[in-house]
Amino acid sequence: MSNANLLFLKQKFYVLFLLFIITTFSFAQIANQPTDFIRCDENGDGFESFFLQDKNPEILLNQNPLDFVITFYISALDAANGINNLLSENYQSGISSQTIYVRLEAIASGNFDTTSFNLIISPPIQAPDIVFRWLCVESNNDQTALFDLTTLNDEILVNLDFNDTTISFYTSEFNAESNSNPITNPENYELNFSQNYYARTENSAGCFDVVQLIFSPSISPIPNNPTSFEICGNNGFATFDLNSKIPEVINGLNLCIGCYQLTFHSSLSDAENGTNSLNPIYTNTTPFAETVYIRLMDEPGICYNITSLDLVINNGVIPDIGNVEVQEICATDLESYDLTQFETIVGNGNLAVSYTHL
């Protein structure tokens, strides 16, 4: 065979080989792995409809959809044999997680590839209907307050998956339902007490629920500073009726009966935390002088201020007082009536006492 014929045969082989490669790769099919198809079970009946062909773009990626037929199956065997394909436009599933098998077949060659994905039905979200919060203000004239809405997250997500639920806040129920115009600065938002607010909870499946947020103002009562509580006692100790100082603490305040809470505490930290309140009939633990702290709260027990009360124990024994019988005298004798005649009776004979006549 001449060199010319040999060269011709080689060139023909290369051409055929090139055509084989072009033909092979032109009609090669790849069924790419689609993501899972997740739907929210809005009515909670356990069934949802899926448009399976919505996954076609993920299965094809850059392949021409005119070159292929895509069909769906409930078993890998059916997909391999191309039998018992599912209705792709409105497939109804009643299984929380179901695997669907895909057959991608080239129209020109009949060659095919398979893949799969899962149909996942997510149960509806059940968030609280209402979250209520008292907010502290200084007076009835305060109609707004700065508040961190995200501090409500734990209460809003109490029955939900923290890792699969997002929260956004809105100034109207319509915006929350439509997921439009969320509050952009929830960490430092100026609330208006005349308006209700809403939170939208949504999971990765698109299930959502709307929570109404209600805020109500409460005035932080500012207590008066009471005068020192001085009584006599033995060796620096005495028993105090702390409640007797309440009128001084709340004098002049706009508080109705039952509209405040008042407690006594042995330390400032206990008063600030509202812990370890004292019995109002209190015996001091530090001799001669001690300070107790008074926590005055609003009716809900949310807003409060603190003042202090000094206890002073004057050492000595309180004398027993004798009773004087009723004396009948004339009105004309009242100015010159001698009260000192009763000192022995009043003092029970105790000479170490002094008397003051009023």
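All of these numbers come straight from a predicted model, not from anything done at the bench.

Caption draft 1: Examining the overall build of the protein more closely. Per the secondary structure count, the protein includes 8 helices and 18 strands. Burial status across the protein gives 30% buried among its 358 residues. Considering only residue pairs separated by 6 or more positions, the protein has 66% of its internal contacts joining residues 24 or more positions apart. Surface exposure of the protein reaches about 22100 Å², of which carbon and sulfur atoms provide 52%.

Caption draft 2: View of the state of the cysteines. Scanning all chains against the criterion turns up 2 disulfides. Across the disulfide, Cys40 is cross-linked to Cys207 (sulfur-sulfur distance 2.0 Å). Every disulfide takes its handedness from the sign of the S-S torsion; for Cys40 and Cys207 that torsion is 125°, giving right-handed. With a gap of 167 residues between them, Cys40 in strand S1 (residues 37-40) and Cys207 in the loop between strand S11 (197-203) and strand S12 (208-219) connect regions that are remote in the sequence. Residue Cys136 pairs covalently with Cys303 via a disulfide, S to S 2.0 Å. Where Cys136 bonds to Cys303 through sulfur, the torsion about that S-S bond is close to -100°, and the disulfide is left-handed. On the criterion of sequence distance, the pair formed by Cys136 in strand S7 (residues 130-137) and Cys303 in the loop between strand S17 (289-298) and strand S18 (304-315) is long-range, its members being 167 residues apart. A relative accessible area of 41% places Cys136 in the partly exposed class.

Caption draft 3: Seen up close, the sheet that holds strand S3 (residues 68-73). Across the sheet, 4 strands lie side by side as S1-S6-S5-S3; this open sheet has mixed pairing. Of all the strands in the sheet, just S1 and S3 have a single pairing partner and so form its edges. With strand direction ignored, the average angle separating the axes of adjacent strands in the sheet is 25°. In this sheet, strand S5 (residues 97-106) lies alongside S3 in antiparallel orientation, the contact comprising 6 bridges. Note that in S5 the partner of Val69 across the bridge is Glu105.

Caption draft 4: Representation of the pairing of strand S6 (residues 112-122) within the structure. Relative to S6, S1 runs parallel, the two being bridged by 4 bridges. Looking at S6, one finds that Phe37 is bridged to Leu119. Bridge analysis of S5 against S6 gives 9 bridges, and the strand direction is antiparallel. The residue of S6 that forms the bridge with Ser97 is Ile120. Adjacent in sequence and paired antiparallel, S5 and S6 are bridged by 5 residues, among which Gly110 carries a positive phi angle near 80°.

Caption draft 5: Broad picture of the sheet that holds S12. Taken together, the 4 strands give an open sheet; going across it, the order is S7-S12-S11-S9, and neighbouring strands pair in mixed fashion. The open sheet has two edge strands with one neighbour each: S7 and strand S9 (165-170). Each strand axis lies, on average, 25° off the axis of its neighbour in the sheet, ignoring direction. For S9 and S11, the ladder comprises 6 bridges, and the chain directions are antiparallel. What sits directly across from Ser168, in S11, is Arg200.

Caption draft 6: Seen up close, the side chain of Asn284. Relative to the helices and strands, Asn284 is located in the loop between strand S16 (281-283) and S17. Using a relative accessible area of 3% as the deciding quantity, one classes Asn284 as buried. At 2.8 Å, the side chain of Asn284 forms a polar contact with the backbone nitrogen of Ala238. If we skip the residues at most four places from it in the chain, Asn284 touches Gly236, Phe237, Ala238, Phe240, Glu290 and Ile313.

Caption draft 7: Up close: the environment of Ile231. By the secondary structure assignment, Ile231 is in strand S13 (residues 229-233). Placed 83 residues apart in sequence, Ile231 and Asn314 show a C-alpha to C-alpha distance of 6.0 Å. Discounting residues that sit within four places of it in the chain, Ile231 has contacts with Ala238, Thr239, Phe240, Val312, Ile313 and Asn314.

Caption draft 8: Molecular detail of the packing of aromatic side chains. For the coordinates displayed, the defined rule picks out 7 aromatic pairs. On the numbers, 6.3 Å between centres and 85° between planes, the contact of Phe72 with Phe117 is edge-to-face. On the criterion of sequence distance, the pair formed by Phe72 in strand S3 and Phe117 in strand S6 is long-range, its members being 45 residues apart. Counting every residue linked through ring pairs, the aromatic cluster contains Phe147, Tyr189, Tyr197 and Phe215. Seen from the ring of Phe112, Arg103 lies directly overhead, with NZ or CZ sitting 3.9 Å from the centre. Directly above the aromatic system of Phe229 lies the positively charged group of Lys245, at a separation of 5.5 Å from the ring centroid.

Reading the values: rules and limits
- Note that residues are indexed from 1 along each chain, following the sequence as it is written.
- For this predicted model, a pLDDT threshold of at least 70 governs which residues receive local features, and a threshold of 80 or more governs which side-chain atom pairs are given and counted, while totals over whole chains, interfaces and linings are taken from all residues.
- Excluded from the side-chain calculation are hydrogens and water; included are all heavy atoms of the structure.
- A run of H or I in DSSP becomes a helix once it reaches four residues, and a run of E becomes a strand once it reaches two; helices and strands are each numbered from the N terminus.
- Burial here depends on accessible area, computed with a 1.4 Å probe over protein chains only, as a share of the maximum for the residue type. Under 20% is buried, over 50% is exposed, and the range in between is partly exposed.
- The contact rule is simple, with two residues in contact once any of their heavy atoms fall within 4.5 Å.
- Every accessible area reported is derived by Shrake-Rupley at a probe size of 1.4 Å, with residue values counting cover from the shown protein chains alone.
- Criterion for a disulfide: a pair of cysteine sulfur atoms at a distance within 2.5 Å.
- Here a strand pair is declared whenever DSSP counts at least two bridges between the two strands.
- In this analysis an axis means a line fitted to C-alpha atoms, helices contributing only their contacting stretch, and an angle means the value between N-to-C directions, from 0 to 180 degrees.
- Any pair of nitrogen or oxygen atoms within 3.5 Å is treated as a polar contact; in protein, a donor-acceptor pairing is required on top of that, and neighbouring residues in sequence qualify only through side-chain atoms on both sides.
- Only rings of Phe, Tyr and Trp enter the pairing, Trp through its six-membered ring, and a pair is recorded when the two centres are within 6.5 Å. The plane angle decides the type: under 30 degrees is stacked, over 60 is edge-to-face, the rest tilted.
- Any Lys NZ or Arg CZ that is within 6 Å of a ring centre and within 35 degrees of that ring's normal is treated as a charge sitting over the ring.

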